[in-house]
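Descriptive analysis of the structure
Below are the chains, spelled out letter by letter.
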Amino acid sequence: MSITERELLLLGDALAVHATLAEKSGFYASQVTDPQVRQVLLQLQRGHQRHVEMVAQHINQASMGGISAGAGMQEVYPYSSQQIQSY
Amino acid sequence: MNGTARLSDQAIATDVLNSEKYAASVAGQSALESASPFVKRDFESIGRDCAQNVDVVFRLMSSKGWYQVSPVSQQSASQAQQEASSTLNGITGTVAPSMTMSVGQAGGGYQPGRFAPQAGASYSPGGGFGGYSTAGRGSSPGATGGGSRRRSTV
C-alpha cells in the first residue's frame, strides 16, 4: 500500500527523532550514577530503537513500492532489513 | 575539574522527560495527519509508547524528589468550580447537580470523579450535555506536566 508525500516527510522526521533519542538515552545511561535511572534509560533506548525499526520499515516499503515520492529515498534512508535488525 | 561539564542525574532525567513529551506530541500529531492505516497505526503506537515513557520518567523523578507537584489550593478549586458552573449555566440554562457541591468539598488532592454526577441525582448524560461526561476532570494521578498542574521545581 502506498503512502502519501506528507507521511513520507513525517516518517523521515520520526526516524531522525527516535534515532537521536535512542542514541541520547544510551549515552545518558553511561553517564548517570543512579542504577535505577540507568535502568530506565536503557529501557527507553530499546523502545526508541524499536520505533526506528518500525518507521524505517515503512520508509523502505515506500521506496520499494514505487510511490511517487520514493525517488532518491534509497540514498536518503539506506536501511536494509539486516541493518535495521542490527541497529 | 578537567574542563568538561557533567550533567547531574536530575538534569539528565529532566531532559529525557522533555524529550519524551516532545516525541509523544509529534507522534500524536503525525498520526492525525496520516492517511494510510498502517502508518497511522504505528504513529499511534509510538505515541502511546512515548506517553508511557513520560509516565515512567515522571514517576522516577517524583520518587526521588526531583519533580514535585503542588496539590490544588482550595481557592483555585473554588474559583474553577464557579467558572465551570457559570459555563455550564450558559450552555444548559441550568446548573447540573454535579456542580452544586459545597465549596468545602473542594481541594484536598486527587478526588476521582469529583465533578461526576452524584448517585441518585437527576442528571441525565444524554440531556443537557449531549452525552458529554465531566467525570474525572478534577485531576489525573501522576500528572506529567499537562493540564493546569503546577510544578514547583525543576
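Okay, the interface of chain A and chain B next. Of the residues lining the interface, 25 residues belong to chain A; the matching set on chain B comes to 23 residues. Mapped by element, the contributors of at least two residues to the side of chain A that touches chain B are α1 (5-31) and α2 (35-64) of chain A. With ten residues, α1 of chain A is the single largest residue contributor to the side of chain A that touches chain B. Each residue belonging to the side of chain A that touches chain B can be placed in one class, and the counts come to 13 nonpolar, nine polar and three charged.

Moving on, we get to helix α3 (residues 74-92) of chain B. In this model α3 of chain B runs 26 Å from its N-terminal to its C-terminal C-alpha over 19 residues, within 8% of the 27 Å that 1.5 Å per residue would give. Note on α3 of chain B: the residue one or two positions beyond its end, Gly 93 of chain B, has a positive phi of about 85 degrees.

Before going further, it helps to spend a moment on the packing of α2 of chain A against helix α2 (residues 37-63) of chain B. Relative orientation of the contacting elements α2 of chain A and α2 of chain B amounts to 170 degrees, with a least axis distance of 11 Å. What the angle tells us is that α2 of chain A and α2 of chain B run roughly antiparallel. Of the residues in α2 of chain B, those touching α2 of chain A at Gln 36, Val 37, Val 40, Leu 44, Gly 47, His 51, Met 54 and His 58 of chain A are Val 39, Asp 42, Ile 46, Asp 49, Asn 53, Val 56, Val 57 and Leu 60 of chain B. Its residues assigned to classes, the contact of α2 of chain A with α2 of chain B comprises nine nonpolar, five polar and two charged.

Residues and elements named next belong to chain A. On average, residues of chain A carry a pLDDT of 83, and 74% of them reach 70 or more. Mean pLDDT per element in chain A: helix α3 (residues 73-76) is the minimum at 40, and α1 is the maximum at 98. Ignoring residues within four places in sequence, the model shows residues 68-87, a span with pLDDT below 50, making 19 contacts including any to other chains.

Summarising the element assignment, Ala 23 of chain B is placed in helix α1 (residues 9-32). Counting along the chain gives 27 residues from Ala 23 of chain B to Cys 50 of chain B, while the straight-line C-alpha distance between them is 6.4 Å. Those residues in contact with Ala 23 of chain B, other than ones at most four positions away along the chain, are Val 17, His 18 and Leu 21 of chain A together with Cys 50 of chain B.

Scoring rules and cut-offs
Residues numbered from 1 in each chain as written. Chains lettered and ligands numbered in written order. Predicted model: local features only at pLDDT ≥ 70, side-chain atom pairs only at ≥ 80, totals over all residues. Contact = placed C-beta atoms within 7 Å. Helix = DSSP H or I, 4+ residues; strand = E, 2+ residues; numbered from the N terminus. Nonpolar A, V, L, I, M, F, W, Y, C, P; charged D, E, K, R; others polar. Expected span 1.5 Å × (residues − 1). Axes fitted to C-alpha atoms, helices over the stretch in contact; angles between N-to-C directions. Parallel < 35°, antiparallel > 145°, perpendicular 65-115°, else oblique. pLDDT = per-residue confidence, 0-100.

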